[in-house]
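# Breakdown of the fold
Each chain is listed here by its residues.
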Amino acid sequence: MNEDRQTTIKRLRMRSMRRGIKEMDLILSAFADAHLEAMSADALALYDRLLSENDHDIYGWIGGQFSVPDHYDGLIAQIAQQAHGVTRPA
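A brief structural summary. What you are looking at is a predicted structure, and each value in this text was computed from that prediction instead of being measured. (Residues numbered from 1 in each chain as written. Predicted model: local features only at pLDDT ≥ 70, side-chain atom pairs only at ≥ 80, totals over all residues. Heavy atoms only, no water.)

This part is about the overall build of the protein chain. In terms of regular secondary structure, the protein chain is built from five helices and zero strands. N-terminal to C-terminal, the α/β element order of the protein chain is α-α-α-α-α. Here the protein chain has a C-alpha radius of gyration of 12 Å; the compact-globule value for 90 residues is 12 Å, and the two agree. With respect to the three principal axes, the spread of C-alpha positions in the protein chain is 40 × 25 × 20 Å. Within the protein chain, counting contacts between residues at least 6 apart in sequence, those at least 24 apart form 60% of the total. Total accessible area on the protein chain is roughly 5,300 Å²; 51% of this is exposed by carbon and sulfur atoms. (Helix = DSSP H or I, 4+ residues; strand = E, 2+ residues; numbered from the N terminus. Rg over C-alpha atoms; globule rule 2.2 N^0.38 Å. Contact = heavy atoms within 4.5 Å. Areas by Shrake-Rupley, 256 points an atom, 1.4 Å probe, with all protein chains shown as cover.)

The following block contains the structure:
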């Protein structure tokens, strides 16, 4: 798919808000609002791939219940930094 940067960011924001579980809506939409505009094209592509993963897996990675695949390690760490209070009490 050849879409311009702003279209990609809009699509990723929408995918971040419309997840399978409410906790993921909250976590990923907050992350998207705070970080997508500043992300490189490679980082956006990685985030796009993350959004194709199962919500329960992503939630477990963010909450520390499951080990994070190496290719998502830095991205999940960044998302988890602002997810306190949603994945576990602050």
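Before going further, it helps to examine the pattern of salt bridges. The final tally for this structure, using the stated rule, is six salt bridges. Between Glu 3 and Arg 11 there is a salt bridge whose closest N-O contact spans 2.7 Å. Residue class for Glu 3 comes out partly exposed when judged on its relative accessible area of 24%. One salt bridge connects Asp 48 with Arg 11, and the closest N-O pair in it is separated by 3.0 Å. Here Asp 48 is found in helix 3 (residues 41-50), whereas its partner Arg 11 is found in helix 1 (residues 5-17), with 37 residues between them in sequence. Salt bridges sharing common partners tie together Glu 3, Arg 11, Arg 15 and Asp 48. (Salt bridge = Lys/Arg side-chain N within 4 Å of Asp/Glu carboxyl O. Buried < 20%, exposed > 50% of the residue type's maximum accessible area, 1.4 Å probe, protein only.)

Let us look at helix 3. Those residues of helix 3 that fall on the buried side of the exposure criterion are Leu 44, Leu 46, Tyr 47 and Leu 50. Down the axis of helix 3, the buried side of the element spans an arc of 160 degrees, and every buried residue falls inside it. Away from its buried face, by an angle of more than 90 degrees, helix 3 presents the exposed residues Ala 41 and Asp 42. Among the structural elements, helix 1, helix 2 (22-35), helix 4 (55-63) and helix 5 (73-81) are those in contact with the buried residues of helix 3. (Arc of directions from axis to C-beta.)

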